[in-house]
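# Analysis of the macromolecular model
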Amino acid sequence: MKLIIFDLDQTLVDFISVHNKVTRRLFKRFFDVDVRLTDIDFAGKSLNQSFHELARLENIPEDVFRKKSHQLLESYETTFGESIPEDASKYILPGARKLLSELSKTDNIVALYTGDSPGIVRYVFRATNLGRFFRFCLYGTEVENRADMVRLAIEKAERLTGGKFRGKDIIIIGDSVRDIECGKEFNALVIAVATGFHSEEELRKRAPDYLFKDLTDYKRILQSIG
């Protein structure tokens, strides 16, 4: 039995166009600046971290940002939910649903870690029907960083199974160099996919155990996990 932890954005789904639209709208409303999420390297970061970085990029005073940050996140969730269609299947990346479906037939623990908030993940799951594949989720607005999310995932998985998950019993699948760095911290098996902000070359330099262009070749990915 293995603990398989997936990233969400640009690993399984790609809602970055929606995130850009919502970010631009709300930063204009709250701070009167014109920015998009893709103006920074957002990959593998929490929404709070990305918002803070965008604020610094636009020279928004720290006290002004902190005063409005909680309301900003609440508005972001609501606006994001209003901005995605009820059927968002076209936003699911190639191979993602098939890979998750095949993993659901195994006794492995499949979890999600993401920089998104619980509200945004609920909207994504409702529109894509991917939520049924995960035993539990860890969110960037509730846990400080990716490594802490993995620690919490290990604790949850061990409580669920009564077993231990160490080293290559842990598999991290993500699109960013931060997913690779996080996996190496635990000596986990790291599978990187070049479907995100970081290029295939950037990912290869960080030496993941496996690197795929996307999740289309799900059979090879299953073999890698095995």
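Note that the coordinates shown come from a computational prediction; the quantities given were computed from them, not determined experimentally.

### Some words on the packing of helix H2 (residues 47–57) against helix H3 (residues 62–83)
It is the contact of H2 with H3, at a shortest axis distance of 11 Å, that shows an interaxial angle of 135 degrees. When the axes of H2 and H3 are compared, the pair comes out oblique. Considering how the two elements wind past one another, H2 and H3 form a crossing that is right-handed. Where H2 approaches H3, its residues Leu47, Asn48, Phe51, His52 and Ala55 are matched on the opposing element by Glu62, Phe65, Arg66, Leu72, Leu73 and Tyr76. The class makeup of the residues in the contact of H2 with H3 is seven nonpolar, two polar and two charged.

### Examining the nonpolar core
By size, the foremost hydrophobic cluster in this structure holds 58 residues, and its most contacted members are Phe6, Leu12, Phe15, Phe27, Phe80, Leu112 and Phe134. Setting aside anything within four residues of it in sequence, one finds Phe6 in contact with Leu12, Leu99, Leu100, Leu103, Val110, Ala111, Leu112, Tyr113, Phe134 and Ile173. One finds Leu3, Ile109, Leu138 and Ala153 within the second-largest nonpolar core, a separate group that totals 20 residues.

### Considerations on the packing of aromatic side chains
Centre-to-centre distance and the angle between the planes together describe a pair of aromatic rings. Across all of its chains, the model carries 10 aromatic pairs by this definition. With a centroid separation of 6.0 Å and 65 degrees between ring planes, the pair formed by Phe15 and Phe80 is classed as edge-to-face. In this pair, Phe15 sits in the loop between strand E1 (3–6) and helix H1 (16–31) while Phe80 sits in helix H3, placing the two residues 65 residues apart along the sequence. Under the relative-accessibility criterion, Phe15 is labelled buried at 1%.

### Brief notes about the pairing of strand E3 (residues 136–139)
On E3, burial covers both faces: Phe136 and Leu138 on one face and Cys137 and Tyr139 on the other are all buried. Across four bridges, strand E2 (residues 109–114) lies against E3 in parallel orientation. The residue of E3 that forms the bridge with Ala111 is Phe136. Read as a crossover between parallel neighbours, the route from E2 over helix H5 (residues 118–128) to E3 is right-handed.

### What to know about the environment of Asn20
Relative to the assigned elements, Asn20 resides in helix H1. If sequence neighbours within four positions are ignored, Asn20 has contacts with Arg36, Leu37 and Thr38. Of note is the side chain of Asn20, whose polar atom sits 2.8 Å from the backbone nitrogen of Leu37. Only 3.1 Å separates the side chain of Asn20 from the side chain of Thr38, close enough to count as a polar contact.

### Remarks on helix H7 (residues 177–185)
For H7, the complete set of buried residues consists of Val177, Asp179, Ile180, Cys182 and Gly183. For H7, the secondary structure elements touched by its buried residues are E2, helix H6 (146–161), strand E4 (170–174), strand E5 (189–193) and helix H8 (200–205). Remark: Asn187 follows H7 within two positions and exhibits a positive phi of approximately 55 degrees.

### Notes on helix H9 (residues 218–225)
Every buried residue of H9 is listed here: Tyr218, Ile221, Ser224 and Ile225. End-on view of H9: buried residues confined to an arc of 110 degrees, all on one side of the axis. Summarising the geometry of H9, the exposed residues directed more than 90 degrees from the buried face are Lys219 and Gln223.

### Focus on unusual backbone geometry
The phi angle of most residues is negative, glycine excepted, and most peptide bonds adopt the trans form. The phi angle at Asp32 is positive, at roughly 55 degrees, despite the residue not being glycine. Within the fold, Asp32 resides in the loop between H1 and H2. In this structure Asp32 comes out as exposed when scored by relative accessible area, which is 55%. In this structure, Ala207 takes a positive phi of about 55 degrees despite not being glycine. Tracing the backbone through its elements, the reader meets Ala207 in the loop between H8 and strand E6 (210–212). Classification of Ala207 by relative accessible area gives partly exposed; the value is 44%.

Cut-offs and rules
- Residues numbered from 1 in each chain as written.
- Predicted model: local features only at pLDDT ≥ 70, side-chain atom pairs only at ≥ 80, totals over all residues.
- Heavy atoms only, no water.
- Axes fitted to C-alpha atoms, helices over the stretch in contact; angles between N-to-C directions.
- Helix = DSSP H or I, 4+ residues; strand = E, 2+ residues; numbered from the N terminus.
- Parallel < 35°, antiparallel > 145°, perpendicular 65-115°, else oblique.
- Left-handed = near helix turned anticlockwise from the far one by under 90°.
- Contact = heavy atoms within 4.5 Å.
- Nonpolar A, V, L, I, M, F, W, Y, C, P; charged D, E, K, R; others polar.
- Core = buried A, V, L, I, M, F, W, Y, C linked by side-chain atoms within 4.5 Å.
- Buried < 20%, exposed > 50% of the residue type's maximum accessible area, 1.4 Å probe, protein only.
- Phe/Tyr/Trp six-rings, centres within 6.5 Å; stacked < 30°, edge-to-face > 60°.
- Pairing = 2+ DSSP bridges.
- Right-handed = clockwise from strand over helix to strand, strands pointing away.
- Polar contact = N/O pair within 3.5 Å; in protein donor to acceptor, adjacent residues only side chain to side chain.
- Arc of directions from axis to C-beta.

Treat this as a map of the structure, not an account of what it does.
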